[in-house]
Every structure is written in C-alpha cells, then in structure tokens.
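# Results of the structural survey
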Amino acid sequence: MNVENPKSLIVIFGATGDLANRKLFPSIYRLYLNGKLSEEFGVVGVARRPNSNEQFRENVREALLEAKLDDSKIDQFCEHFYYHPFDVTNRESYLELKLLLENLDSTYHTFGNRIFYLAMAPEFFGTIASKLKSEGLTDTTGWKRLMIEKPFGRDLPSAKELNKQIRDAFSEDEIYRIDHYLGKEMVQNIEVIRFANALFEPLWNNRYISNIQVTSSETLGVGERASYYEKSGALRDMVQNHMIQMVALLAMEPPSRLNTEEVRSEKVKVLRSLRAISLDEVDQYFVRGQYGSGIVADKEVMGYRDENGTEPESNTETFVAGKLLIDNFRWAGVPFYIRTGKRMAVKSTKIVIEFKDMPMNLYFPEGEERRPNVLVIHIQPEEGITLHINAKKSGPTGETTPIKMEFSSKSQNSINTPEAYERLIYDCLRGDATNFAHWDEVGLSWKFIDTISEAWATNKASDFPNYKSGSLGPEKADKLLEKDGFYWWPLSE
Ligand code: BG6
C-alpha cells in the first residue's frame, strides 16, 4: 500500500454537525487538493437526519465554498461522499452501514481499511464503539482506526469508563484521541526548536530558565455552546487537554527515537512528575474567572451569565490561570504558568520561556529594570519565534537596548500552513499516532485536574463575573506571578 496516499473509507458520525462542516470536510478536501489522498477513497456521513446522498453532497459542497478553498475539484471530490441515516442504538442501522461499507470497499478498492470518526455528542461514544464491534463493523480485512473528539470524559472516573468501552472494540494503538493543538504547526515545532538546537537544549532546565508561561486567549465568548460549556468550563475545555499537552511538550526529556511510543512515553513521564495539589491548596495555585460584559474589537458584548443557555448565577469559569510545578531533576523549582480564557483582549496562543538573570550584570546597575532574555514561541495567529536579547545602543554612551531576533513561519513558507485537522486526519490515515493523546496522558491529566474542579465545585466563586470582556482576565491572575516575583510577558511581544 502507498503510505503517502493511503486508501481508506472514512466514516464520520455526526456528519451534519458544526465540526464536520467547519473543519472535517474542508480538511479532507485540502488533503485531496494536495494529492495526499488517493483517488480511491470514500467518505460516509452518518447522522440522525434522513438525508439523501445528493442532499449530503450539497451540504459538503456548501461547507467547502464557505471555507473559500480552490473550488476546481469540488464536484469530483463530492462524488466520493455518501450518507447513511442512523439511529445510535438501533441494530439495523449498524447492519446497513456494514453493508454500505462493504460495497464501497469494492467500489474504491480500499482493502477494508476504515477510519471511524466520532464527531458527535460524547454520551454516544461508548455505545457506538460497542455496537461497531458487536455488529461486526470492526471485523474487517484491512485496518480499523477510531478517531475520537473531546471531551474524553469529564473527570477521571468517567474517562476510565469511556476508555473501557472503546477499548472493548479497539486496541490502544487503534485509538486516535484528538487534541487539535497537537496538530498545530508551532506546537509540533516545540520539539524541533528544543531538540535540534544546541543553542537552546543545554539551557532548557532549572539552571537557566526562571519560569515558563503558556497563554491561550480567545476573543470569542461561549457562542452557541452553552449547554456543553456550562458543564465543562475552561478547566475541562482547555486546561485538561490543550494546555497540559503544551506543558508536556515543553518539559519532556529528548525522546530516544522519533516514534510514537518514545515521544508519548516522555510526555507521560512529565505528567507523572506534575506536583499534585491538595484541595486546600487550590487557591494558592489556581485562579478562576468569568467574563462580565465589556468591549471586544470595538463592539459591546454581554457577560457570560447573560449568554443564551447559561444560568443567571452560573459558577462556570471562562478563565483559568494556574501554576504547575514539575518535580523532576530538570524542572525542580521552575514554575510553569498557564492561562486561558474566553472574551479576552486578543486571540493569541503564545509560549514564553524566560531565562534567569546573569549572576552579575554590569550593564544593568542596581535599581535599574532588568530585561531578561526571553524566547517567545508564537503558536497563533502568528506562527514563529522571537528571541529577546540585550545589546548596546549605537552611539558613544554605552547604554543598552533590548533587541528582538524574529522568525515568522508564515512569511518564510509563503503559503498557509496546513490546518490542524488536515494533519491529524492525514496522520491517522498513515497510522501515525504520535500527535494524539495516549490513554495514560489523558488519565494522568484528569487526575491532576479533578482536585481543582472538586475544590471549585464545592466553593462557589463569590466574585463572578470578575473580569471584563476585552481585558486580560481577573487581577488575581497577575498576583499569581507577582508573588513569585514575575509578571505575564505582554501578549503583544
Ligand atoms: C476547543 C475548545 O477545544 O478549543 C473551544 O472546546 C476553544 O472552547 C477551542 O474555543 C480553541 O481552539 P483554537 O484552535 O481556536 O485555539
């Protein structure tokens, strides 16, 4: 089989949903345009609505036009799409789907290779996985893989339960748990920046780094997702997965090989070294916030509690800042600060690595503001790195000035980097699970998060809403760093 353009059927559960329309169809189309998909492929959309193939293809076409992609191959692409109306619990639905897949296998010569993509409400994940097995859909001559969206549970016990259900039907190496941050260009670049540069790796430890900051701020509010978000909040929605994954990549040891097992096992070791926080310590290490009304991009926006579908007294956090400590030889004593929130001043995901001061710095006399060396990894919307260093100001006075060395990945590559979902679907087609979350990572991460959510569920926030839309979150988040003698590096730099 050609591993560059593997042949497979892709079955998308939840094919009429937002994720399928906004992300999955455009990503599969891009793979097609870029020659990364064999001409012989088929996509089966599965959902409750009674659609026909023609209606479904029309929906896919609209989604692609909406995504403003080169439309020259849309017609031939859409021919590969099929629709299967479906009832999650009905045995017949699965048997009919099985028949359809067998027919498509012979139409497209896909050797029985199948990706089952669960892009729908999580309460059905377990049932679908079990039924795929019991009705014989996983019993195929080719390979079978399960791509599964978050949320993967809402705490450790529910995640374990879900894992048990899907593991009955798929083995760990057939399960691709999506964390779309792992598909981002600059998140993938973290490992290369660290491990392919003699300039950084020797300094990447507690002797030279004073603290690391990971921020992912959004300007959008909760939008149409209140029913999900009310039960999730920023801690489960962003911290348990995306933020902790970025911390693991920043902190892990160099893998001995660039393969799935080695990379994941180094990440798991970081998560095992995360210092657990006890219930009564949560307030010292974590800050929560909820947005009130305010102004974002010159527009007045309402507070979280006024959004459609939220509770008037909602205790749900839309902002989290926290301090993580990693108790191992490399990182003992170095705080990793994380921060994420909705309705903040800017849309920005950035990692800041702040280096320690020189032991004696004659160029910054006592009392004068120090300017630490800082490496910024810009994840989005800009992609690149900036190194902040000190240099001499030109002229006779001998004064110093901060300078920046910058690399912007967009301007270098001149084309847009692939979308996260495009890479992840391609990885799954090729059987590369490196950029997906292993169960051990998911489990350890929930274990860490559960104490914080328990503390917050027990002690309701008395000060919500505590930050204005369009700000950088509650003041308490600044205090978290100030008490350690640090401050959040500006997001504009
Ligand atoms: C998702 C969350 O996982 O990530 C959303 O469920 C959030 O609430 C989104 O908006 C942020 O992703 P990105 O790629 O825009 O940073």
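Note that the structure is a prediction, hence the values are computed from the model and not measured. Per chain, residues are indexed from 1 in the order of the written sequence. The model is predicted, so local features are restricted to residues of pLDDT at least 70 and side-chain atom pairs to those at 80 or more, both for listing and for counting; the totals for chains, interfaces and linings are taken over all residues. To obtain the side-chain values, all non-hydrogen atoms of the structure were included, while hydrogens and water were left out.

### Focus: the sheet that holds strand β1 (residues 9-13)
Note the cut-off: At least two DSSP bridges between two strands are required for those strands to pair. Only runs of H or I of at least four residues qualify as helices and only runs of E of at least two qualify as strands under DSSP, and these elements are numbered from the N terminus. In this analysis an axis means a line fitted to C-alpha atoms, helices contributing only their contacting stretch, and an angle means the value between N-to-C directions, from 0 to 180 degrees.
Within the open sheet, the 6 strands sit side by side as β3-β2-β1-β4-β5-β6. Their pairing is parallel. Whereas interior strands pair on both sides, the edge strands pair on one side only; in this sheet they are β3 (81-85) and β6 (175-177). The average undirected angle you get between the axes of adjacent strands in this sheet is 20°. One ladder, built from 5 bridges, connects strand β2 (residues 42-47) with β3; its direction is parallel. Bridge pairing in β3 links A47 to P85.

### Some remarks on the environment of V43
Going by this rule: Only protein chains enter the calculation, and the probe is 1.4 Å; a residue is then buried if its accessible area is under 20% of its type maximum, exposed if over 50%, and partly exposed in between. In this description, contact between two residues means that some pair of their heavy atoms is separated by no more than 4.5 Å.
Mapped onto the elements of the fold, V43 is located in strand β2. With a relative accessible area of 0%, V43 lands in the buried category. Along the primary structure V43 and I10 are separated by 33 residues, whereas in three dimensions their C-alpha atoms are 4.7 Å apart. Once residues lying within four places of it in the same chain are set aside, the contact partners of V43 are I10, I12, I28, H80, F81 and Y82.

### Quick notes on helix α5 (residues 125-134)
Buried within α5 are the following residues: F125, G126, I128, A129 and L132. On its buried face, α5 is in contact with β1, α4 (91-108), β4 (114-118), β5 (144-148) and α6 (156-169). Just beyond α5, the residue with positive phi is G136, at close to 85°.

### A few points about empty space enclosed by the protein
We count it as follows: The method works on a 1 Å grid over the protein atoms by themselves. A cavity is a set of points holding a 1.4 Å probe that cannot get out, a pocket is an open set with protein on both sides within 12 Å along at least five of seven lines, and residues with an atom within 4 Å of a point line them. Grid points are joined across faces, edges and corners, and a volume is the space filled by probe spheres set on the points.
A complete count under the given rule lists 3 cavities of 30 Å³ or more for this structure. In this model, the largest cavity occupies a volume close to 40 Å³. Lining the largest cavity, in full, are L182, V187, Q188, E191, L249, V263, K267, T434 and N435. Looking at the lining of the largest cavity, the elements that each hand over two or more residues are α7 (185-195) and α9 (260-273). When residues in the lining of the largest cavity are grouped by element, the largest group, 3 residues, is from α7.

### Topic: the packing of α7 against helix α8 (residues 226-251)
This is how the line gets drawn: Working definition: roughly parallel below 35 degrees, roughly antiparallel above 145 degrees, roughly perpendicular at 65 to 115 degrees, and oblique for all remaining angles. Each crossing gets its handedness from the near helix: less than a right angle anticlockwise from the far helix is left-handed, clockwise is right-handed. Classification used: nonpolar for Ala, Val, Leu, Ile, Met, Phe, Trp, Tyr, Cys and Pro, charged for Asp, Glu, Lys and Arg, polar for all others including Gly.
Orientation of α7 relative to α8, taken along the N-to-C sense of each, is 15°, at an axis distance of 9 Å. For the element pair α7 / α8, the angle class is roughly parallel. In this structure, α7 crosses over α8, and the sense of that crossing is right-handed. Touching V187, I190, E191 and R194 of α7 are M246, L249, L250 and A251, all from α8. Its residues placed into classes, the contact of α7 with α8 shows 6 nonpolar, no polar and 2 charged.

### Overview of the UniProt feature "active site" (unreviewed entry) in the protein chain
For the record, the criterion: UniProt positions are given in the numbering used here, feature names are shortened, and annotations may be inferred rather than shown by experiment.
Within the UniProt annotation, "active site" (unreviewed entry) is assigned to H242. On the basis of relative accessible area, H242 is assigned to the buried category, the value being 2%.

### Comments concerning the environment of A159
Tracing the backbone shows A159 in helix α6. A159 sits 299 residues away from T458 along the chain, and the two C-alpha atoms are 21 Å apart. Setting aside its immediate chain neighbours within four residues, A159 contacts F152, G153, W439 and W446.

### A word on the packing of α8 against α9
Viewed as axis vectors pointing N to C, α8 and α9 meet at an angle of 105°, and their least axial separation amounts to 9 Å. Between α8 and α9, the angle is such that the two are roughly perpendicular. Contacts from I244, Q245, A248, L249 and A251 of α8 reach α9 at K267, V270 and L271.

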